[in-house]
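Overview (structure and organization)
Take a look at the letters that make up each chain.
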Amino acid sequence: MMLRVLTMLLAVALAAPLAAEAQKPIKVGVPVPLSGPPALFGEPASKGAMMYVEEINAKGGVLGRKIELIVRDSKADANEAVRVAREMILKDNVDFLMGTLTSAEGPAVSVVAKENKIVFIAPIPKTDQLTAADKLHPYVFRVAANTTMEGRSAAEIVAKWPVTKIATIAFDYAYGQDVTKAFVDHIKKIKPSVQIVDQQWPKLGEQDYNPFINAQMAKKPEAIVSSIWGGFFVTYSKQGKALGMFDAVKYNFIGLGEAGSPETTKAMGADYPVGIWGNSYDAFYWGETGAHKEYTDKLSKYLKDEYPSSWAIQGYTGMQFLVEAIKKAGSTDSDKVSKALLGLTIDTPIGKQTIREKDHQANRGQLYGKTVKDPKYPFPIMKPVEYLDPTKFMD
């Protein structure tokens, strides 16, 4: 009898920590810009992640555990993103990382993930360097488009314009350099008559674009390809409009870095240079599928915004991939989750998405279109808007 009691007590003692572990939330660290011009994209991306987590937790969580997001301001600075990521790993004991925005932050946090052997999903950084062969490791994954995909997609569009003299402007750091190179290399390949007559490289975070615009217009380009993004694009395009830049190139201008996103057009209102081309990860007015319409309706209610964010989908999809990988692995162990992410296909609001095994890159395309005024909305939209499948541009 005594032996039976002791055995039962031992079983209870052993089960107690396991039960406690099962009740602990799965912690996900989200370093993302929440202040300054980059917050135009960072804030809604974090809200998309929050919305998905609330949906999952309402259904009981994953593996019987709730998910807890720990969101911190990375200030769009690589050093700050690294500091915050390390703090979340060492002090907050996060199980995973899902975040960063700029192509300076992403690769920097990837190093932290590698050092700590913790899965890191990048929902926004585009630089090819993040998952380049010499930088790739088992714990980094991207669910955003990359610069090769974006640059080549833009080249396909611009190649159809009646222009041959093209100028570029981009921030002088990984994203700007990589996307510009991808564009230039591809358009020279598909339209050999093109001349790149000027390239401007303001520093990341520049606020005075007048010298760059004046220098570029002196070269008399027929078209401009920009990858100035977020709140910085708002400043750049307002200054460009005042200098007659868009009129000079007859609105043969494409703004990469999501210059066609609802966040950007809403922020600028009447100041937006209607008639230019832009791109975006999402657009509430796209409505291509039932799943997208359902997602947009939920997002509109969650954000209490009739015209909800395009960036929320990146945080939402990043968390979708992570949760499905945890389910597949049946564990929160990063090595097991990392393996589960390889070749993983999930249903997202824009359709099926797959993370390739060979480079940890999702086949994530973007929406492109020419901006117009539409009486339905108090700000410009892209119309018609088209989702460009990036598959042929991924290698």
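Refer to the preceding data block for the structure.
These lines cover the structure that appears in this document, whether it is placed above or below. Here the structure is a predicted model, which means the values were calculated and not measured. (Residues numbered from 1 in each chain as written. Predicted model: local features only at pLDDT ≥ 70, side-chain atom pairs only at ≥ 80, totals over all residues. Heavy atoms only, no water.)

**Comments concerning the overall build of the protein**
Note the following rule: Each helix is a run of DSSP H or I of at least 4 residues and each strand a run of E of at least 2, with the numbering of both proceeding from the N terminus. For every residue, the accessible area (1.4 Å probe, protein chains only) is compared with the maximum for its type, and the residue is labelled buried under 20%, exposed over 50%, or partly exposed between those bounds. Contacts were defined at the residue level, with two residues in contact if any of their heavy atoms lie within 4.5 Å. Accessible areas in this description were obtained via Shrake-Rupley with a 1.4 Å probe; residue shielding takes into account the shown protein chains only. Only four residue types enter the charge count: Lys and Arg as positive, Asp and Glu as negative, with His and the chain ends excluded. Note that the charge is assigned to NZ on lysines, CZ on arginines, CG on aspartates and CD on glutamates.
Helix and strand content of the protein: 13 helices and 14 strands. Projected onto its principal axes, the C-alpha positions of the protein cover 95 × 45 × 35 Å. Within the protein, the fraction of its 395 residues that count as buried is 57%. Restricting the contact set of the protein to residue pairs at least 6 apart, pairs at least 24 apart contribute 68%. Total accessible area on the protein stands at roughly 16400 Å², and carbon and sulfur atoms take up 55% of it. Side-chain charges in the protein split into 48 positive and 44 negative, and the spacing between the mean points of these groups amounts to 2 Å.

**A look at the sheet that holds strand 13 (residues 366-372)**
Quick note on the threshold: Being paired, for any two strands, means DSSP has found at least two bridges between them. Note on geometry: axes are C-alpha line fits, over the in-contact stretch for helices, and angles between N-to-C directions span 0 to 180 degrees.
Across the sheet, which stays open at both edges, the 7 strands sit in the order 7-6-8-9-10-13-14 with mixed pairing between neighbours. Both edges of this open sheet fall to strand 7 (195-200) and strand 14 (381-388), since each of them pairs with a single strand only. The mean angle between the axes of side-by-side strands here comes to 20°, regardless of whether they run parallel or antiparallel. Where strand 6 (residues 165-169) lies against strand 8 (residues 223-226), 4 bridges are found, and the strand directions are parallel. Across the sheet, residue Ala167 finds its bridge partner in strand 8, namely Ile224. Across the sheet, helix 5 (residues 147-158) is in contact with strand 6, strand 8, strand 9 (253-255), strand 10 (277-280), strand 13 and strand 14; its angle to strand 13 comes to roughly 40°. Packing of helix 6 (residues 174-190) onto the sheet brings it into contact with strand 6, strand 7 and strand 8, and relative to strand 6 it is tilted by some 165°.

**Regarding the pattern of salt bridges**
This is how the line gets drawn: A pairing counts as a salt bridge when a side-chain nitrogen of Lys or Arg comes within 4 Å of a carboxyl oxygen of Asp or Glu.
Under the definition given, this model contains 21 salt bridges. Close ionic contact of Glu150 with Lys126 constitutes a salt bridge, the shortest N to O distance being 2.9 Å. With a gap of 24 residues between them, Glu150 in helix 5 and Lys126 in the loop between strand 4 (120-122) and strand 5 (140-142) connect regions that are remote in the sequence. For Lys126, a relative accessible area of 3% gives the class buried. Overlapping salt bridges bring together Arg72, Glu80, Arg83, Glu87 and Asp92 as one network.

**Some details on the nonpolar core**
Stated precisely, the cut-off is as follows: Put simply, a nonpolar core is a bunch of buried Ala, Val, Leu, Ile, Met, Phe, Trp, Tyr and Cys residues held in one set by side-chain atoms that sit within 4.5 Å of each other.
Core analysis: the biggest nonpolar cluster contains 100 residues, and Tyr236, Met319 and Leu341 have the highest contact counts within it. Sorting elements by how many residues they give to this core places helix 12 (residues 312-329) first, with 9 residues. When sequence neighbours within four positions are dropped, the list of residues in contact with Leu341 reads Val119, Ile121, Phe141, Phe321, Ala325 and Ile355.

**A look at helix 8 (residues 230-242)**
The condition is simple: To estimate how far a helix should extend, the number of its residues minus one is multiplied by 1.5 Å.
Taking 1.5 Å of rise per residue, the 13 residues of helix 8 would be expected to cover 18 Å, and the 19 Å separating its terminal C-alpha atoms lies within 8% of that figure. Taken residue by residue, helix 8 has Gly230, Gly231, Phe232, Phe233, Val234, Tyr236, Ser237, Gln239 and Gly240 as its buried positions. In the stretch just after helix 8, Gly244 is the one whose phi turns positive, near 75°.

**Section: the packing of helix 11 (residues 290-303) against helix 12**
Rules: In these notes the angle categories are as follows: under 35 degrees is roughly parallel, over 145 is roughly antiparallel, 65 to 115 is roughly perpendicular, and the rest is oblique. Take the far helix as your reference; a near helix turned counterclockwise from it by less than a right angle gives a left-handed crossing, and one turned clockwise gives a right-handed crossing. Ten residues, namely Ala, Val, Leu, Ile, Met, Phe, Trp, Tyr, Cys and Pro, are considered nonpolar, four, namely Asp, Glu, Lys and Arg, are considered charged, and the remaining ones, Gly among them, are considered polar.
Two elements in contact, helix 11 and helix 12, have axes whose closest approach is 12 Å; the angle formed by their N-to-C orientations is 110°. Taken together, the axes of helix 11 and helix 12 are roughly perpendicular relative to one another. Helix 11 and helix 12 meet at a crossing whose hand is right-handed. Here helix 11 contributes Tyr295, Lys298 and Leu299 to the contact with helix 12, which in turn contributes Ala312, Ile313 and Tyr316. Residues that form the contact of helix 11 with helix 12 fall into these classes: 5 nonpolar, no polar and 1 charged.

**A closer look at the sheet that holds strand 1 (residues 26-32)**
Reading across the sheet, the 5 strands line up as 2-1-3-4-5 and stay open at both edges, with parallel pairing between neighbours. One side of each edge strand has no neighbouring strand; the edge strands of this open sheet are strand 2 (67-73) and strand 5. This sheet shows a mean twist of 20° between the axes of neighbouring strands, independent of strand direction. The sheet contacts of helix 3 (residues 78-90) involve strand 1, strand 2 and strand 3 (96-98), and relative to strand 2 the element is tilted by about 150°. Sheet strands in contact with helix 12 are strand 1, strand 2, strand 3 and strand 4, and its direction is about 155° off that of strand 3.

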